[in-house]
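Analysis of the macromolecular model
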Amino acid sequence: MEQLKLGIPKGSLESATVDLFKKAGWQISISSRSYFPTIDDEEIKCSLMRPQEMAKYVERGTIDVGIAGRDWVRENQSDVIELCEMVYSKVSRRPARWVLVVNGDSKVQGPEDLRGATISTELVGFTKRYFAERNIPVNVEFSWGATEAKVVEGLCDAIVEVTETGSTIRANGLRIVTELMESVPVMVVNKASWEDPWKRAKIQQIATLLQSALRAEGMVGLKMNAPGTKVPAITAILPSLNNPTVSNLYNSDWVSIESIMPEQEVRRIVPELLKLGAEGIVEYSLNKII
């Protein structure tokens, strides 16, 4: 039996990835004592690995496909296929941002003001290339963690750090000078694996269902009955992916109306629907939108 080797990102994206696969139809179980999670699909073998290294293993063919931040794909300059974006995270649906940060009282206003400075970051390769492309000589040092503290304590002149909301940076009295890169999780595929017909079909199946689960987040279905004469007025106020579905009720001049919409719209629209004569309004959750 053929198997697809799938990389699951360890760390901050780990639980969010498992939750996403669950919504897409796969149950993944991770043990603290094993780097090989189990999955309820005999055609898939999972490996747990750090997202910083994911693209390197995909490029080598150690795994066929994995999910990693676009930032680490660029950092490692990995020769892989970026099949699609997977916009999810542990905090929000916002992309992660790699930003250039200095102390709040620093006189630095732009990257050019850091000529000859020492910059601390985990993203060493990308940061070196960023400043080299702008002909700004700097010394870039690898940070083993607690990067914000290094600039606070004067161990470096600036840092390049990742943030989603910027709250930690502000809480430490630091200031963002500029954004260097925006990153989201991406599905990366080994080039040889993509040329294998069976593996390509399996990868496409996974990508389609994961993306359909992401599209369903924050969306709900709304179903109701209403007088046929009220259809134009009701459908005019219903938000929908395309057009609402309208079907006749058996032996009645009433109809059933069904629509998909953002969940936050329901609280606004239900009172309006009641005023227009809608009854039996049912809201239901969605796992996937394909």
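Structure shown above.
A few points on the structure. Just so you know, these numbers come straight off a predicted model, no measurement behind them.

Helix and strand content of the chain: ten helices and 16 strands. Against the globule reference of 19 Å for 290 residues, the chain gives a C-alpha radius of gyration of 25 Å, more extended than a compact globule. Dimensions along the principal axes, computed over C-alpha positions, put the chain at roughly 80 × 55 × 35 Å. Counting the 290 residues in the chain, one finds 46% classified as buried. Taking all contacts inside the chain whose residues are at least 6 apart in sequence as the whole, residues at least 24 apart take part in 69%. When the accessible surface of the chain is totalled, it reaches about 15,100 Å², and 47% of it is carbon and sulfur. Taken together, the 34 basic and 38 acidic charged side chains of the chain have centroids lying 1 Å from each other.

So, on to the nonpolar core. Grouped together as the largest cluster of nonpolar side chains are 30 residues, with contacts concentrated most on Phe21, Trp26, Tyr88, Met187, Ile206 and Leu210. Put simply, the parts of the chain that give this core at least two residues each are β1 (4–9), α1 (14–24), β4 (44–49), β5 (65–69), β12 (185–189) and α8 (197–216). With seven residues, α8 is the largest single contributor of residues to this core. Judged by nonpolar contacts, the second largest core, of 18 residues, contains Val102, Phe126, Tyr130 and Phe131.

To continue, consider the state of the cysteines. Scanning the entire structure with this criterion turns up zero disulfides. Cys46 takes part in no disulfide bond, and the closest cysteine sulfur, belonging to Cys84, lies 16 Å away. Residue Cys84 is classed as buried on the basis of its relative accessible area, which comes to 13%.

This paragraph deals with the pattern of salt bridges. If you walk through the whole model with that rule in mind, you get twelve salt bridges. Note that Arg97 is salt-bridged to Glu179, the shortest N-O span being 3.6 Å. Taken together, the residues Arg97 in strand β7 (residues 96–103) and Glu179 in strand β11 (residues 174–183) connect sequence positions 82 residues apart. Owing to a relative accessible area of 21%, Arg97 belongs among the partly exposed residues under this scheme. When the shortest N-O distance is used, the salt bridge between Arg134 and Glu133 registers 3.7 Å.

Quick look at the packing of α1 against α8 now. Packing of α1 against α8 brings their axes to within 8 Å, and their N-to-C directions diverge by 100°. The angle between α1 and α8 falls in the class roughly perpendicular. From α1, Leu20, Phe21, Lys23 and Ala24 reach across to α8, where they touch Ile206, Leu209, Leu210, Ala213 and Leu214. Residues belonging to the contact of α1 with α8 are distributed by class as follows: eight nonpolar, no polar and one charged.

Turning our attention to the sheet that holds β7. In spatial order, the strands read β9-β8-β10-β7-β11; together these five strands make up an open sheet with mixed pairing. Single-partner strands in this sheet number two, and they are β9 (139–142) and β11. The average undirected angle you get between the axes of adjacent strands in this sheet is 25°. Contacting β7, β8 (118–121), β9, β10 (158–163) and β11, helix α4 (residues 124–133) runs over the sheet at an angle of about 170° to β9.

Our focus in this paragraph is the packing of aromatic side chains. Under the defined criterion, the tally for this structure stands at four aromatic pairs. Their ring planes at 80° and their centres at 5.4 Å tell us that Tyr130 and Phe131 sit as a pair that is edge-to-face. Both residues of the pair, Tyr130 and Phe131, count as buried. Summarising the aromatic geometry, the rings of Phe142 and Trp144 are spaced 4.8 Å apart at their centres and angled 85° between planes, so their arrangement reads as edge-to-face. Classification of Phe142 by relative accessible area gives partly exposed; the value is 42%. Residue placement shows Arg134 over the ring face of Tyr130; its charged tip is 3.6 Å from the ring centre.

All right, on to the sheet that holds strand β6 (residues 81–85) then. Sheet architecture is open: five strands sit in the order β4-β1-β5-β12-β6, paired in mixed fashion. Each edge of the sheet is formed by a strand with only one pairing partner; in this case those strands are β4 and β6. Averaged over all neighbouring strand pairs, the angle between strand axes comes to 30°, with direction disregarded. Running over the sheet, helix α2 (residues 51–60) touches β1, β4, β5 and β12 and is turned about 140° from β5.

Reading the values: the criteria
Residues numbered from 1 in each chain as written. Predicted model: local features only at pLDDT ≥ 70, side-chain atom pairs only at ≥ 80, totals over all residues. Heavy atoms only, no water. Helix = DSSP H or I, 4+ residues; strand = E, 2+ residues; numbered from the N terminus. Rg over C-alpha atoms; globule rule 2.2 N^0.38 Å. Buried < 20%, exposed > 50% of the residue type's maximum accessible area, 1.4 Å probe, protein only. Contact = heavy atoms within 4.5 Å. Areas by Shrake-Rupley, 256 points an atom, 1.4 Å probe, with all protein chains shown as cover. Lys, Arg positive; Asp, Glu negative; His and termini not counted. Charge placed at Lys NZ, Arg CZ, Asp CG, Glu CD. Core = buried A, V, L, I, M, F, W, Y, C linked by side-chain atoms within 4.5 Å. Disulfide = S-S within 2.5 Å. Salt bridge = Lys/Arg side-chain N within 4 Å of Asp/Glu carboxyl O. Axes fitted to C-alpha atoms, helices over the stretch in contact; angles between N-to-C directions. Parallel < 35°, antiparallel > 145°, perpendicular 65-115°, else oblique. Nonpolar A, V, L, I, M, F, W, Y, C, P; charged D, E, K, R; others polar. Pairing = 2+ DSSP bridges. Phe/Tyr/Trp six-rings, centres within 6.5 Å; stacked < 30°, edge-to-face > 60°. Lys NZ or Arg CZ within 6 Å of the ring centre and 35° of its normal.

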